[in-house]
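Here's the letter readout for the chains.
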Amino acid sequence: GLVFDKGSTKTAGGPSQIENAKIALIQFCLSAPKTDMDNNVVVSDYAAMDRILRDERKYILNLCKKIKKSGANVVLIQKSILRDAYNELSLHFLAKMGILVVTDVERTDVEFVCRTLGCTPVPHVDSLSPEKLGTAEHVGDVV
């Protein structure tokens, strides 16, 4: 078995128990891409702001759909030091898709977690496939 200090994310009514789990350990960020440098974007009208928010929402939804398509019903998200590894919108979409999420898996724990669960860490969403998923009979929060 495997125990994480931090339980599953309770956002948007996502599941806290999964039987016959297919587990993905992702190393990519579930948030909209950011610029490499500290740049600011100034938006002068509401139409442009709406377009930016709509594009960001569509980008995140597509990431979540690719995760669901892989067959994963549990997602472990590696902690990122560069930017947010996830945002509330991505957690909301995953919860609506019935996917249990555990965030902030330490980089130093990735090798052990993968060996224990039989999964392969996935650095990019396009390389996520059923062969890279680990399995467990039961995944859930322990009270």
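Please read these numbers as outputs of a predicted model, since none were measured by experiment.

Right, let's get into the nonpolar core. I26, F28, L30, I67, I77, L94 and I99 are the most contacted members of the largest nonpolar core, which totals 23 residues. Broken down by element, this core gets its largest block of residues, 4 residues, from helix α1 (residues 46-69). Residues I18, A21, L25 and C119 belong to the second largest nonpolar core, which totals 15 residues.

Let us look at the side chain of T103. Mapped onto the fold, T103 is located in strand β3 (residues 100-105). On the accessibility criterion, T103 (3% relative accessible area) is buried. Looking at T103, its side chain comes within polar contact range of the side chain of K6, at 2.9 Å. T103 has contacts with K6, T9, I77, Y86 and L91, leaving out every residue within four places of it along the chain.

With that settled, the discussion passes to the pairing of strand β2 (residues 74-78). Burial runs high along β2: 5 of the 5 residues are buried. What you see with β2 is no split at all: V74, L76 and Q78 on one side and V75 and I77 on the other are buried throughout. Sheet topology note: the strand β1 (residues 17-26)/β2 ladder contains 4 bridges and is parallel. Counterpart to I26 in the pairing with β2 is I77. Note that β2 and β3 share 4 bridges and pair parallel. Directly across from V74, in β3, lies its bridge partner L100. On the question of chirality, the crossover connecting β2 to the parallel β3 by way of helix α2 (residues 88-96) is right-handed.

Cut-offs applied
Residues numbered from 1 in each chain as written. Predicted model: local features only at pLDDT ≥ 70, side-chain atom pairs only at ≥ 80, totals over all residues. Heavy atoms only, no water. Core = buried A, V, L, I, M, F, W, Y, C linked by side-chain atoms within 4.5 Å. Buried < 20%, exposed > 50% of the residue type's maximum accessible area, 1.4 Å probe, protein only. Helix = DSSP H or I, 4+ residues; strand = E, 2+ residues; numbered from the N terminus. Polar contact = N/O pair within 3.5 Å; in protein donor to acceptor, adjacent residues only side chain to side chain. Contact = heavy atoms within 4.5 Å. Pairing = 2+ DSSP bridges. Right-handed = clockwise from strand over helix to strand, strands pointing away.

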